[in-house]
Amino acid sequence: MKLWVNGGLRDADDARVSVFDHGLTVGDGVFETLKAVHGQAFALTLHLERLTRSARGLGLPDPDHDEVRRACAAVLEANPMERGRLRITYTGGLSPLGSDRGTHGPTLVVALGPTDPRPDTTAVITVPWTRNERGVLTGLKTTSYAENVVALAGATARGASEALFANTVGQLCEGTGSNVFVVLDGELHTPPVSSGCLAGITRALTVGWTGARETELPFDVLERADEVFLTSSLRDVQAVHRVDGRVLTGVPGPVTAKAMRVFEERAAADPDPSFR
């Protein structure tokens, strides 16, 4: 396995980032995860645009898109696989042991690992912790991911693959690494970005391709929604058959099945789509 670290490919055993890197010491970094199929990364342009928005939100320099594209291409070529998880990590770089950022410039790492196709349906749980829709990191895809690690571990222990959060005012928000959609009376809804959820790439494409409505939803909508599904770069569109102890029957339902089909067809037709 070969990784890209600060300007070139490295063997996995020789790939090194300083223990003083700000991404390690204080979580001062941003990242993107992309699906790669047969060496082709999906929606790379949209992911690079979000990487830049996240970097600006932390006050990091804009990443060089040409460099990141070269790094992704090199890693994909060096590690041929049928289906992979392509991870771009961009951090504050070598810095003092504290919150102050150093002057050495950012760190760029691109890595690839194999991943299995997701099942068509999955189980989720709800958790008592909340997303802060007014926080400084709201809407940014940062490496400060510990609360997601804790929540996802709880989901795994309960036989689920995802945990769903409300925000601080009791609205449905998002999962640890996914966005959530619900069907109510035949209409498809998803929380707006103002709820505090990440502006997911797959979420936005699904909204655009299906006409889903962005709606403020109470957290207990999960107890009565006719259908529920998740979206993310590696899940695409994935139906939910259980929420906590509630079992949904006939999954995927008709609205979810259509969204799955539309996403698959549109993504296959254009591997680098645009929101415009």
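Please read these numbers as outputs of a predicted model, since none were measured by experiment.

Cut-offs and rules
Residues numbered from 1 in each chain as written. Predicted model: local features only at pLDDT ≥ 70, side-chain atom pairs only at ≥ 80, totals over all residues. Heavy atoms only, no water. Buried < 20%, exposed > 50% of the residue type's maximum accessible area, 1.4 Å probe, protein only. Helix = DSSP H or I, 4+ residues; strand = E, 2+ residues; numbered from the N terminus. Polar contact = N/O pair within 3.5 Å; in protein donor to acceptor, adjacent residues only side chain to side chain. Contact = heavy atoms within 4.5 Å. Expected span 1.5 Å × (residues − 1).

S.K.: Help me get a handle on helix 5 (residues 201-210), residues and values and all.
M.R.: Counting buried positions along helix 5 yields seven of 10 residues, so the element is predominantly enclosed. Residues of helix 5 that are buried: Ile201, Thr202, Arg203, Leu205, Thr206, Val207 and Trp209. In the segment just after helix 5, Gly211 is the residue with positive phi, at about 75 degrees.

S.K.: Any details on unusual backbone geometry? Residues and values, ideally.
M.R.: Look at the link from Val251 to Pro252: it is a cis peptide, with omega at 0 degrees. Relative to the elements of secondary structure, Pro252 occurs in the loop between strand 15 (246-247) and helix 6 (254-269). With a phi angle near 45 degrees, Asn6 is a residue other than glycine that sits in the positive phi range. Take Asn6: it is sitting in the loop between strand 1 (2-5) and strand 2 (8-11). Of note in this structure, Asp244 is not a glycine but carries a positive phi near 55 degrees. Assessed through its relative accessible area of 23%, Asp244 is described here as partly exposed.

S.K.: Break down the side chain of Thr256 for me, with residues and values.
M.R.: Its location among the elements puts Thr256 in helix 6. A distance of 2.7 Å separates the side chain of Thr256 from the side chain of Glu227, its partner in a polar contact. When sequence neighbours within four positions are dropped, the list of residues in contact with Thr256 reads Glu227, Val228, Phe229, Val237 and Ala239.

S.K.: Could you give an account of helix 6, with specific residues and numbers?
M.R.: Relative to the 22 Å expected for 16 residues at 1.5 Å per residue, helix 6 spans 23 Å between its end C-alpha atoms, a close match to the ideal helical length. If you check which residues of helix 6 are buried, you get Thr256, Ala259, Met260, Val262, Phe263 and Ala267. The inward-facing, buried residues of helix 6 abut helix 5, strand 13 (227-232) and strand 14 (236-243).

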